[in-house]
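# Residue-level structural notes
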Amino acid sequence: MIAYLIRSGALLTLYYLFFILFMRKTTFFRFNRILLLTGTALCMILPLADLSSLFSPVSQFVPHVTLPEVVVYADDAGPASGNNVSGRDWAKAIMIVYLTGVSLVMLWSGISLVRMYSIIRGGVQSSMEGVRVTVSDRTSTSFSFFNHIVMNREDFEGNPMIMRHEQMHVSCLHSLDIVVFEIVTVLHWFNPIVWLTRQELRQMHEYEADEAVIRNGVDAADYQMLIVKKSVGNERFQLANGFNHIKLINRITMIQKQRSSNWARLGYLACFPILALALCMFNIHPAAAQSNEQVVVFNTIPTLEDVDVQPTFNGGPVMREFTKWVSQNIQYPESAFKSGLSGTVTVSVLIQSNGNINPSLTKIKEGVSEELDNEVLRVVKSAPAFTPAKKDGKEFPVQFELPIMFMIRARQNAE
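Let us look at the structure shown here. (Residues numbered from 1 in each chain as written. Predicted model: local features only at pLDDT ≥ 70, side-chain atom pairs only at ≥ 80, totals over all residues. Heavy atoms only, no water.)

### Things to note about the overall build of the protein chain
Along its length, the protein chain carries 15 helices and 14 strands. Looking at the protein chain as a whole, 46% of its 415 residues qualify as buried. Contacts in the protein chain between residues far apart in sequence, at least 24 positions, make up 77% of those at least 6 positions apart. (Helix = DSSP H or I, 4+ residues; strand = E, 2+ residues; numbered from the N terminus. Buried < 20%, exposed > 50% of the residue type's maximum accessible area, 1.4 Å probe, protein only. Contact = heavy atoms within 4.5 Å.)

### Structural notes on the nonpolar core
Side chains that are nonpolar tend, in soluble globular proteins, to be buried together. Within the largest apolar cluster, 34 residues are counted, with the highest numbers of intra-cluster contacts made by Phe322, Phe400, Ile404 and Phe406. Elements represented by at least two residues in this core include exactly strand 2 (70-74), helix 12 (318-329), helix 13 (334-338), strand 10 (343-351), helix 14 (370-381) and strand 14 (398-408). Look past the residues within four positions of Phe322 in its chain and what remains in contact with it is Leu67, Phe313, Pro317, Val380, Ala383, Phe386 and Leu402. Counting 24 residues, the second largest nonpolar core, distinct from the first, contains Leu11, Phe29, Leu36 and Leu201. (Core = buried A, V, L, I, M, F, W, Y, C linked by side-chain atoms within 4.5 Å.)

### Overview of the pattern of salt bridges
Scanning all chains against the criterion turns up 12 salt bridges. One salt bridge in this structure joins Asp177 and Arg33, with 2.4 Å as the shortest N-O distance. Remark: Arg33 occurs in helix 2 (residues 29-45) and Asp177 occurs in helix 6 (residues 174-187); sequence separation between them is 144 residues. By the burial criterion, Asp177 is buried, and Arg33 matches it. The partner of Glu182 in a salt bridge is Arg198, and the shortest N-O contact between them spans 3.5 Å. In this pair, Glu182 is assigned in helix 6 and Arg198 in helix 7 (residues 192-215), connecting sequence segments 16 residues apart. Residue classification places Glu182 among the buried positions, given a relative accessible area of 7%. When salt bridges with common partners are traced through the structure, they connect Arg30, Arg33, Asp177 and Glu208 into a single cluster. (Salt bridge = Lys/Arg side-chain N within 4 Å of Asp/Glu carboxyl O.)

Encoded structure:
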């Protein structure tokens with residue numbers, strides 16, 4: 001979960017910087033709004049995709065070696081404490097802080113929702129052009145939420161332009177955008193870029209509504225004076241579109257700005273190399289890519305018996321040194337011990353041609369439980385680099401399978 005949040009947060013940061021550089025100042029308000037939402041969705045989805053296998057050697061062309069079994073004991077006194085317990089404690093602490101932030105943001109949104117519906121219930125309701133309208137004396141700010149517009153009495157009786165503005169919010173489904181992005185905000189509450197992007201989306205909403213109002217025949221000068229007059233409002237609702245939510249200068253500047261050339265849309269072409277680069281950075285381990293030529297050269301090697309140089313680990317044979325290293329670093333998870341979980345976990349480990357373990361292709365082949373499986377993956381993926389095998393002067397990948405038995409034995413037998 002932590003890894004996903006880091007990757008998706010990094011992608012969101014890159015995409016938002018791209019948006020600022022190329023599209024923020026254009027007048028393609030609806031187009032920018034759609035691209036901002038689409039890009040955000042891609043940044044949330046891409047980290048979930050594992051594309052390493054598309055660029056890795058075909059498994060049947062890689063020598064497979066089964067290593068000796070590693071046995072991890074725990075007795076009645078419980079598993080010995082180790083560095084992995086401390087690491088889990090840190091992970092738990094981070095997740096507690098993260099979930100606390102998630103809860104607070106959700107609480108904040110819930111309070112905003114309750115306030116809105118409290119105002120709606122306390123006002124005078126009517127219907128206008130298929131939209132529900134509430135006139136209330138309890139708010140100084142007019143706003144809209146989905147198919148509902150809330151107007152303070154002064155705006156309802158004396159400012160029809162504000163009603164038209166809020167109708168534009170409703171017809172453009174801006175509230176749906178806000179609710180969808182609220183989910184992103186809840187997940188990434190710790191990322192300031194997400195809050196900036198959220199504000200940018202709200203700006204797109206206001207620009208689009210302003211443009212629609214003026215396009216429907218409202219005098220631009222009168223409308224700008226109204227914006228200045230209403231800019232002193234203080235109430236804010238987390239999930240609502242409000243007439244005076246956005247900075248005054250930005251809105252007036254966009255109203256007066258000359259329409260951008262359609263050629264400016266080509267700026268989004270710059271997005272493709274950015275997303276492609278980000279995809280390589282965050283979804284494919286750099287050392288995972290192997291050329292087709294390497295696969296063809298070594299696809300006739302069925303075992304390690306034919307190689308010129310055997311792979312080594314920590315200066316010694318892999319079968320001895322790697323299993324020794326794993327046995328020294330692995331711990332019996334305390335939660336698994338308390339639950340009485342035991343059994344043999346078999347992990348498949350791909351050693352790349354540069355000697356590094358490919359984390360994306362290191363997977364549990366036969367598992368026992370989430371606690372035991374995760375402990376095996378944690379240890380194996382943290383292993384230092386191997387010295388790769390060589391034939392004809394070329395390094396090539398090797399796939400190991402390592403069985404690790406977790407066994408709980410009675411204390412008297414252990415003694």
